[in-house]
Amino acid sequence: MQDVLSMLHALRRPGLLMRAARIGADDYRRSTHLPRLLGYGNLPRHAASLLRLMEIEAGLNTQRLNGDTAYSLVRHVDVLIAMLGEARVLKASQTA
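Residues numbered from 1 in each chain as written. Predicted model: local features only at pLDDT ≥ 70, side-chain atom pairs only at ≥ 80, totals over all residues. Heavy atoms only, no water.

**Let's talk about the overall build of the protein chain**
Helix and strand content of the protein chain: 5 helices and 0 strands. In the protein chain, the order of α-helices and β-strands from amino to carboxyl end is α-α-α-α-α. Against the 2.2 N^0.38 benchmark of 12 Å for 96 residues, the protein chain shows a C-alpha radius of gyration of 13 Å, consistent with a compact globule. Expressed along its principal axes, the backbone C-alpha trace of the protein chain runs to roughly 40 × 30 × 25 Å. A separation threshold of at least 6 residues defines the contact pool for the protein chain, and within that pool the share at least 24 residues apart is 66%. Once the 13 positive and 8 negative side-chain charges of the protein chain are each reduced to a mean point, those two points are 3 Å apart. (Helix = DSSP H or I, 4+ residues; strand = E, 2+ residues; numbered from the N terminus. Rg over C-alpha atoms; globule rule 2.2 N^0.38 Å. Contact = heavy atoms within 4.5 Å. Lys, Arg positive; Asp, Glu negative; His and termini not counted. Charge placed at Lys NZ, Arg CZ, Asp CG, Glu CD.)

**A word on the environment of Leu 38**
In this fold, Leu 38 is placed in helix H3 (residues 30-38). The class of Leu 38 is buried, set by a relative accessible area of 14%. Between the C-alpha atoms of Leu 38 and Ser 49, which are 11 residues apart in sequence, the distance is 8.0 Å. The residues touching Leu 38, leaving out its near neighbours within four places in the chain, are Pro 44, Ser 49, Arg 52, Leu 53 and Ile 56. (Buried < 20%, exposed > 50% of the residue type's maximum accessible area, 1.4 Å probe, protein only.)

**Description of the nonpolar core**
Core analysis: the biggest nonpolar cluster contains 24 residues, and Leu 8, Leu 50, Leu 53, Met 54, Val 79, Leu 80 and Met 83 have the highest contact counts within it. When residues of this core are assigned to their parent elements, the largest contribution, 9 residues, is made by helix H5 (residues 73-95). Excluding residues that lie within four positions of it along the chain, Leu 80 makes contacts with Leu 17, Met 18, Ala 21 and Glu 57. (Core = buried A, V, L, I, M, F, W, Y, C linked by side-chain atoms within 4.5 Å.)

**Overview of the layout of surface pockets**
Computed from the structure, the largest pocket encloses a volume of approximately 360 Å³. Leu 5, Leu 8, His 9, Leu 11, Arg 12, Arg 13, Met 18, Arg 22, Leu 84, Ala 87, Arg 88 and Lys 91 are the residues that line the largest pocket. The element that contributes the greatest number of residues to the lining of the largest pocket is H5, accounting for 4 residues. Of the residues that constitute the lining of the largest pocket, the class distribution is 6 nonpolar, 1 polar and 5 charged. (1 Å grid on protein atoms, 1.4 Å probe; cavity = no way out; pocket = protein on both sides within 12 Å on 5 of 7 lines; lining within 4 Å. Points joined across faces, edges and corners; volume = space filled by probe spheres on them. Nonpolar A, V, L, I, M, F, W, Y, C, P; charged D, E, K, R; others polar.)

**A word on the pattern of salt bridges**
Across all of its chains, the model carries 4 salt bridges by this definition. The salt bridge involving Arg 13 is made with Glu 57; its shortest N-O contact spans 2.7 Å. With a gap of 44 residues between them, Arg 13 in the loop between helix H1 (4-10) and helix H2 (15-25) and Glu 57 in helix H4 (residues 46-66) connect regions that are remote in the sequence. Residue Arg 88 is joined to Asp 26 by a salt bridge in which the shortest nitrogen-to-oxygen separation is 3.1 Å. Here Arg 88, found in helix H5, pairs with Asp 26, found in the loop between H2 and H3; they are 62 residues apart in sequence, far enough to count as distant. Of the residues examined, Arg 88 reaches a relative accessible area of 41% and is grouped as partly exposed. Given a relative accessible area of 51%, Asp 26 falls into the exposed group. (Salt bridge = Lys/Arg side-chain N within 4 Å of Asp/Glu carboxyl O.)

What is shown is where atoms sit, not what they do.
Here it is, written out as structure tokens:
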């Protein structure tokens, strides 16, 4: 099985979408953003939350590609921001 960070690195999304997510990731706060995306309660560990966010993002990307009217660009960027924020924290904890 691929490493979670390798899976994230392999994602290919439009440049503008990723640029917006990178800018937003600078202000990412786990305690504020994750409950809104994953549900309230105990927050999962970084790797587990990253996997769940990647599943949510894959669904949003499918909606985007299919032109689904239920697709929300704002939610997609919000999920990407959380993914990048969690990946940064996970990567920092692995190098420490």
